[in-house]
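Given next are the chains, with one letter for each unit.
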Amino acid sequence: MNNTGIKASLNTLRSSVKKVGFICAMDCELDAVTKLFDSVTIKKVGPTDFYLGKICGIDAVAAKCGVGKVFAAICAQTMILTFSPDLIINTGVAGNLSKSLKIGDVALSSAVVQHDMDTSPLGDPVGLISGINMTEIKSDLDSALVMQSALNEIGINSEIGVIASGDQFVASSEKKEFIKETFGAISCEMEGASVGHVCFVNGVRFLVVRALSDDADGASPDDFPAYCVKVSENSSKAIYAFMKALS
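To start, this report covers the structure provided alongside it. (Residues numbered from 1 in each chain as written. Predicted model: local features only at pLDDT ≥ 70, side-chain atom pairs only at ≥ 80, totals over all residues. Heavy atoms only, no water.)

Glancing now at the side chain of Asp-105. Note that Asp-105 resides in the loop between β5 (87-96) and β6 (106-114). Classification of Asp-105 as buried rests on a relative accessible area of 5%. Of the polar contacts made by the side chain of Asp-105, one reaches the side chain of Asn-157; its length is 3.0 Å. Sequence-distant contacts of Asp-105, that is, excluding residues within four places in its chain, are made with Ser-100, Asn-157, Arg-210, Ala-211 and Leu-212. (Helix = DSSP H or I, 4+ residues; strand = E, 2+ residues; numbered from the N terminus. Buried < 20%, exposed > 50% of the residue type's maximum accessible area, 1.4 Å probe, protein only. Polar contact = N/O pair within 3.5 Å; in protein donor to acceptor, adjacent residues only side chain to side chain. Contact = heavy atoms within 4.5 Å.)

In structure tokens, the structure reads:
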């Protein structure tokens, strides 16, 4: 997109987004966000600690939801009802499904899908979400475009596309090809589509931002947690660049 289009998206976000929520699955992912806060206060709601502060002068709230779609949905709904963010960003690490990306690059969502949702024996498309009758849930395009522009400015490669979520760590070539071929996804992880589902039914903007930690093919690093800490640095850089652009 040209500069005029990016400026239009940025102006839209500046006028409508006054508070940004961040949802992460793991401690290393949350740390990558909260270290950007200029000061932090913590409010416990139910089982979850929510971190409140500002990034680049913009109100922010962040939380660790835990791994998987149910934990992510609980956290997203609680965050919306308690803190009323105008935009929720699900951030962290993910598996790569794209030929245009490599480890450390960033996948940005144009839409999210639940690759393990399957009522096809009843005649439905694979991935159809009952109740809203959708397979793909569109994420916020303005946020994706501004995030990608910010990443370009700091030299981090990214791609905007479908991000697939499911309650499984994808680590086989067969599953990887199934997700790519069925949904056209560029990345897979375990929470983003659940966050997107909750945001959709609540009318809240959302975006999934994932730094790529592995190629989802069984060749993940031996010390995956340690590698996640390293890769999460790119998520942190992406968030800071985005929030700076909004400020």
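What follows continues from the structure just given.
The next point concerns helix α4 (residues 141-153). Compared with an ideal rise of 1.5 Å per residue, which puts 13 residues at 18 Å, α4 spans 18 Å between its outermost C-alpha atoms and is within 8% of the ideal. Every buried residue belonging to α4 is among Ser-143, Ala-144, Leu-145, Val-146, Met-147, Ala-150 and Leu-151, and all of these are buried. Two residues or fewer after α4 comes Gly-155, characterised by a positive phi angle close to 80°. (Expected span 1.5 Å × (residues − 1).)

On to the packing of aromatic side chains. Scanning the model with the defined rule gives 2 aromatic pairs in all. On the basis of an interplanar angle of 45° and a centroid distance of 5.0 Å, the ring pair of Phe-50 and Phe-83 is categorised as tilted. Pair noted here: Phe-50 is in strand β3 (residues 48-55) and Phe-83 is in helix α3 (residues 69-83), with a separation of 33 residues, a long-range link. Across the pair, Phe-83 and Phe-50 agree in class, each one buried. Seen in terms of ring centroids, Phe-178 and Phe-183 are 6.4 Å apart; in terms of plane orientation they differ by 90°. Their pairing is edge-to-face. Judged by its relative accessible area of 32%, Phe-178 falls in the partly exposed class. (Phe/Tyr/Trp six-rings, centres within 6.5 Å; stacked < 30°, edge-to-face > 60°.)

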